[in-house]
Amino acid sequence: MQDGKKILLCVTGSIAAYKSVVLLRFLIKQKAEVKVIMTNAATDFVTPLTFSTLSKNKVLTNLFENDSWENHVMLGRWADAIIIAPASCNTISKMAHGLCDNLLLAVYLSATASVIIAPAMDEDMWNHPATINNIQTLEERGHHVLKVNNGELASGLHGMGRMAEPEEILSFLDNFFENKMSLKGKKALVTAGPTYEAIDPVRFIGNHSSGKMGTALAKELAKRGAEVRLILGPTSTSVPEGVTVTNVVSADDMYKAVFDVFDECDIIVMAAAVADFTPNKPAKNKIKKETGALNISLAKTKDILVKAGELKSQNQILVGFALETENEKQNALKKLTAKKADMIVLNSLNDEGAGFGSSTNKITIFEKNGAEHVFDKKSKEEVAVDIVNAIVNYRNE
């Protein structure tokens, strides 16, 4: 239910704008406080008077109107959620590329609230590679893009591109707000990124992990109300807002950082690609090429997941990751048992769009109770939602 929720409803130029009137009525009936922004193109389909009458708030269309200035920054901070419905192909493109030529886009670019997008367009526009890329960009930013429906379109054709029905959007909102604070009061620990093991002051042993999966998980856990600490290896991946970050370099650094706070945490997600081996004796000075062949003696690093499995209490949930190249399921289940984890998230380098460096992932989650959840390839932000959903459901069992 939306009782007391602050909703910013943004309407763009599409014949589907009539559905936004119905959505507004539903929101008002559920006692939400709604403010409406319309683009100039939207006013060609539905009058601002309709929305202002139903919302009992002035409809906003321009940054400057009647010698006054609409404070787009405060609008973006006022809302609990921003719903762009319908979201036209043009507006989606502008959002993806950071353009700012109207009030809606100014609010979007300065918003701190969650953004929910309900696209509406003709099927050819929906399937165009540019639109597909723009949608992926918005999803990677953590926005919620609702599925379009198949049916009659404004062009007279039938196909994909119809905006989600008001009832579907309302149902999404119910679940969104229910899930949003499902981890309030809980503390979560996430590891992410690679570790670098020094050979000398210049060179290191590392891997291709970007840290994107771990940071997406930290962001999603924070969205659900958890207090999140992210222990992050060397990576250029941006850090989510509202997350406490500890930067580390080596496997030993990460080990110490994890167990400094381990006992305080309710949820521990080990998404980092920690090195299995480290040089025994890193050189104090840069090793010169003239020295000839180089032999490096390696020692095993401390296994953070094994130690976590040994230390975890009955009230803690421990999630590990398994990146495999062969016998994937067998190796993942073996790891689940050996590391005493509650869940193992499997991804395979044999799956296209999964693994290091990619903006997408394809996972299977194995739980120690025998449950198995298989997912299609998705953006890492969507994968993070699936993993956190699994964690929440596991806690509630």
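(A) Summary view of the pattern of salt bridges. Counted according to the given criterion, the structure contains twelve salt bridges. Where Arg224 meets Glu220, a salt bridge forms, and the shortest distance between an N and an O atom there is 2.7 Å. This pair shows no difference in class: Arg224 is buried, exactly as Glu220 is. Connected via shared salt-bridge partners are Lys19, Arg162 and Glu165.

(B) Fine view of the pairing of strand S9 (residues 158-162). Across four bridges, strand S8 (residues 149-152) lies against S9 in antiparallel orientation. Each residue of the ladder has a partner; that of Asn149, found in S9, is Arg162. Counting the residues between successive antiparallel strands, the hairpin from S8 to S9 contains five residues, one of them, Gly156, with a positive phi of roughly 95°.

(C) Structural view of helix H10 (residues 251-261). For H10, the set of buried residues is Ala251, Met254, Tyr255, Ala257, Val258, Phe259 and Val261. Tucked into the core, H10 has its buried residues touching strand S10 (187-192), strand S11 (197-198), strand S13 (227-232), strand S14 (244-247), strand S15 (267-270) and helix H11 (304-311).

(D) Up close: the nonpolar core. Ranked by internal contacts, the top residues of the largest apolar core, which has 33 residues, are Leu217, Leu221, Val269 and Ile387. Of all elements in the fold, only S10, helix H9 (212-223), S13, S15, strand S18 (317-324), strand S19 (343-348) and helix H13 (380-396) reach the threshold of two or more residues within this core. The element that contributes the greatest number of residues to this core is H13, accounting for eight residues. Residues within four places of Val269 in sequence aside, it is in contact with Leu189, Val190, Thr191, Leu217, Leu221, Val319, Phe321 and Ile391. Residues Ala17, Ala32, Val34 and Met38 belong to the second largest nonpolar core, which totals 31 residues.

(E) Structural view of the state of the cysteines. Here the structure, examined in full by the defined rule, presents zero disulfides. A disulfide-free cysteine, Cys100 has its sulfur positioned 13 Å from the sulfur of Cys10, the nearest such atom. Note on Cys100: relative accessible area 48%, which makes it partly exposed.

(F) Spatial organisation of the pairing of strand S6 (residues 114-119). Counting buried positions along S6 gives six out of six residues, so the element sits mostly inside the fold. In S6, alternate side chains face the same way, and those of Ser114, Ile116 and Ala118 on one face and Val115, Ile117 and Pro119 on the other are all buried. One ladder, built from two bridges, connects S6 with strand S7 (residues 144-145); its direction is parallel. Bridging across to S7, Ile117 finds its partner in Val145.

(G) Structural detail: the packing of H9 against H13. Where H9 contacts H13, the two axes come as close as 8 Å, and the packing angle between them is 55°. If you check the angle between H9 and H13, you find them oblique. As H9 packs across H13, the resulting crossing turns out to be right-handed. Residues Lys212, Met213, Ala216, Leu217, Glu220 and Leu221 of H9 lie in contact with H13, whose contacting residues are Lys380, Glu381, Val383, Ala384, Val385, Ile387 and Val388. Counted by class, the contact of H9 with H13 contains nine nonpolar, no polar and four charged residues.

(H) Structural context of a nonpolar patch on the surface. The grouping of Phe277, Leu294, Ile296 and Leu298 at the surface amounts to a nonpolar patch, some 350 Å² of accessible area in total. Inspection of the secondary structure puts Phe277 in strand S16 (residues 277-279). Note on Phe277: relative accessible area 40%, which makes it partly exposed.

(I) Structural context of the environment of Gly4. Its place among the elements puts Gly4 in the segment before strand S1 (6-11). Of the residues examined, Gly4 reaches a relative accessible area of 51% and is grouped as exposed. Between the C-alpha atom of Gly4 and that of Val34, which follows or precedes it by 30 residues, the distance is 9.8 Å. Non-local contacts of Gly4, meaning those with residues more than four positions away in its chain, are made with Lys31, Ala32 and Asp80.

(J) Structural context of helix H5 (residues 103-110). Among the eight residues of H5, seven are classified as buried, and the element is accordingly described as predominantly covered. For H5, the set of buried residues is Leu103, Leu104, Leu105, Ala106, Val107, Tyr108 and Ser110. Measuring from the backbone nitrogen of Leu104 back to the side-chain oxygen at the start of H5 gives 3.2 Å, which picks out Asn102 as the cap.

(K) Examining the sheet that holds strand S22 (residues 372-374) more closely. One open sheet accounts for eight strands, arranged S14-S13-S10-S15-S18-S19-S21-S22; its pairing is mixed. Of all the strands in the sheet, the pair left with one neighbour each is S14 and S22. Strand-to-strand twist across the sheet, computed as the mean angle between neighbouring axes with direction ignored, equals 15°. Along the sheet face, H10 touches S10, S13, S14 and S15 and points at about 175° away from the line of S10. Contacts from H11 reach S15, S18 and S19 within the one sheet, and its direction differs from that of S18 by about 155°.

About the criteria used
- Residues numbered from 1 in each chain as written.
- Predicted model: local features only at pLDDT ≥ 70, side-chain atom pairs only at ≥ 80, totals over all residues.
- Heavy atoms only, no water.
- Salt bridge = Lys/Arg side-chain N within 4 Å of Asp/Glu carboxyl O.
- Buried < 20%, exposed > 50% of the residue type's maximum accessible area, 1.4 Å probe, protein only.
- Pairing = 2+ DSSP bridges.
- Helix = DSSP H or I, 4+ residues; strand = E, 2+ residues; numbered from the N terminus.
- Contact = heavy atoms within 4.5 Å.
- Core = buried A, V, L, I, M, F, W, Y, C linked by side-chain atoms within 4.5 Å.
- Disulfide = S-S within 2.5 Å.
- Axes fitted to C-alpha atoms, helices over the stretch in contact; angles between N-to-C directions.
- Parallel < 35°, antiparallel > 145°, perpendicular 65-115°, else oblique.
- Left-handed = near helix turned anticlockwise from the far one by under 90°.
- Nonpolar A, V, L, I, M, F, W, Y, C, P; charged D, E, K, R; others polar.
- Patch = residues over 30% accessible without salt bridge, like charges linked within 9 Å, V, L, I, M, F, W, Y side chains within 5 Å.
- Areas by Shrake-Rupley, 256 points an atom, 1.4 Å probe, with all protein chains shown as cover.
- Polar contact = N/O pair within 3.5 Å; in protein donor to acceptor, adjacent residues only side chain to side chain.

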